[in-house]
Amino acid sequence: MMRVLTFSTLFPSSARPSHGIFVETRLRELLKSGQVESRVIAPVPWFPSTHPRWGDYARMAATPATEQRHGIDVRHPRYVVIPKVGMNLAPALLARAALPALRRLQAEGFDFDLIDAHYFYPDGVAAVALARALGKPVTITARGTDINLIPQHVGPRRQILDAVAGCSHMMTVCKALKDELVALGAPDDKVTVLRNGVDLQLFHPEDREAARRAHGMQGFCLASVGHLIDRKGHHHVIAALPQLPGVSLYVAGSGPLEQELRELAQRLGVAQRVFFLGNQPQSVLRTLYSAVDALVLASSREGWANVLLEAMACGAPVVASDVWGTPEVVAAPEAGVLMPELSAAGVVAGVQRLRAALPERAATRRYAEGFDWAPTTQGQLDIFARLLAGQRAGAVHA
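Residues numbered from 1 in each chain as written. Predicted model: local features only at pLDDT ≥ 70, side-chain atom pairs only at ≥ 80, totals over all residues. Heavy atoms only, no water.

Trainee: Explain the packing of helix H12 (residues 306-313) against helix H15 (residues 361-368) residue by residue, including any values.
Mentor: Angle between the axes and distance between the axes: these two values describe a pair of packed helices. At their nearest, the axes of H12 and H15 sit 7 Å apart, and the two run at 130° to each other. Taken as axis vectors, H12 and H15 run oblique relative to one another. In this structure, H12 contributes Leu309, Met312 and Ala313 to the contact, and H15 contributes Thr364, Arg365, Tyr367 and Ala368. For the contact of H12 with H15, a count of residues per class yields five nonpolar, one polar and one charged. (Axes fitted to C-alpha atoms, helices over the stretch in contact; angles between N-to-C directions. Helix = DSSP H or I, 4+ residues; strand = E, 2+ residues; numbered from the N terminus. Parallel < 35°, antiparallel > 145°, perpendicular 65-115°, else oblique. Contact = heavy atoms within 4.5 Å. Nonpolar A, V, L, I, M, F, W, Y, C, P; charged D, E, K, R; others polar.)

Structural data, given as structure tokens:
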């Protein structure tokens, strides 16, 4: 039995149940193999108040120090975040706060074999420092903006390259991210593509008419799902509606741009066709995906967008921007279409193209079934076993 310490600031908690849920899902699938035992260290930024007026900061402050999630022991040590000027210091502050928590785990009897970190900066950089301090191998999974955006900053880029050199192996959730990581300077043979899968038991088609009634849907309906921030592109979808008469849009998510998006819909005269649902648990998203005619994802950056496969698993084809790993997901007509450009006009063109040859929902579901978690789980097991065998061999010859 391999003992793995999962390390990431991207991990759900009882206070933020959707935060980093893709990391938790991959770990839960890995544990189903019966070959791995894991504990999770998921540090949380320190904040002094849980008053609701502070929004996300209050939810961070309300995160328990320890908790059990799906039978997994999760610990949330606090680390200091210095707004605006602290980006270069973040990995060191994160490692400093996490090291006592890792040592406590060891003292309690969980002397893990390796550290499995998710997100390159600051998490992966901090994990390499922790691995050096404890004499453990470490893997890092790159997931998106940690490689396609953050290395544009000189200080973080330097630290990411140090982590590339210091880690034992790297994984990326799509080939496009591997290509970028190699272009940054990572050795090709030190990077493995392990795409995210989809939980086919959780995400499945519900009764379509009942799902539509649950949301009061009529006519052709679209969903746009994700945090209400600029890079998720909800504004492009709303701006497309004047050119898509009779089409309604259901927006699931929350974030700082909600009021701006509502005002945009009002200004364009489509507010009566845009429905803001707020954050929704996955079980409710399943109903939404089962109800709508298509999901639209107009992101400017995505590593591997889980919402695409989740929608497809419920029978909904997608219209998606042609960025990073998305073409690796939307790779057949039954999956949906890629937009010709990232703009409102691109959304219009994509939706019109999809409507002209709308795939059968059963075919879309079958396509999603090709993306279960088994290959990713096996890939992780192979990498971990190889690293541990190499470590044991090195110890013998030392």
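From this point, things continue past the structure.
Trainee: Account for the packing of helix H3 (residues 90-107) against helix H4 (residues 120-134), naming residues and giving values.
Mentor: Their axes nearest at 8 Å, the elements H3 and H4 cross at an angle of 50°. Accordingly, the angle class assigned to the pair H3 and H4 is oblique. In this structure, H3 meets H4 at a crossing whose hand is right-handed. Along its contact with H3, which presents Ala90, Pro91, Leu94, Ala95, Ala98, Leu99, Leu102, Arg103 and Gln106, the element H4 presents Tyr121, Pro122, Asp123, Val125, Ala126, Ala129, Leu130, Ala133 and Leu134. Its residues assigned to classes, the contact of H3 with H4 shows 15 nonpolar, one polar and two charged. (Left-handed = near helix turned anticlockwise from the far one by under 90°.)

Trainee: Provide a residue-level description of the environment of methionine 1, including the pertinent values.
Mentor: Relative to the assigned elements, methionine 1 resides in the segment before strand S1 (2-7). On the basis of relative accessible area, methionine 1 is assigned to the exposed category, the value being 67%. Linking methionine 1 and glutamine 35, residues 34 residues apart in sequence, is a C-alpha distance of 5.1 Å. Not counting the four nearest positions on each side in its chain, methionine 1 is found in contact with Gly34, Gln35, Val36, Glu37 and Asp113. (Buried < 20%, exposed > 50% of the residue type's maximum accessible area, 1.4 Å probe, protein only.)

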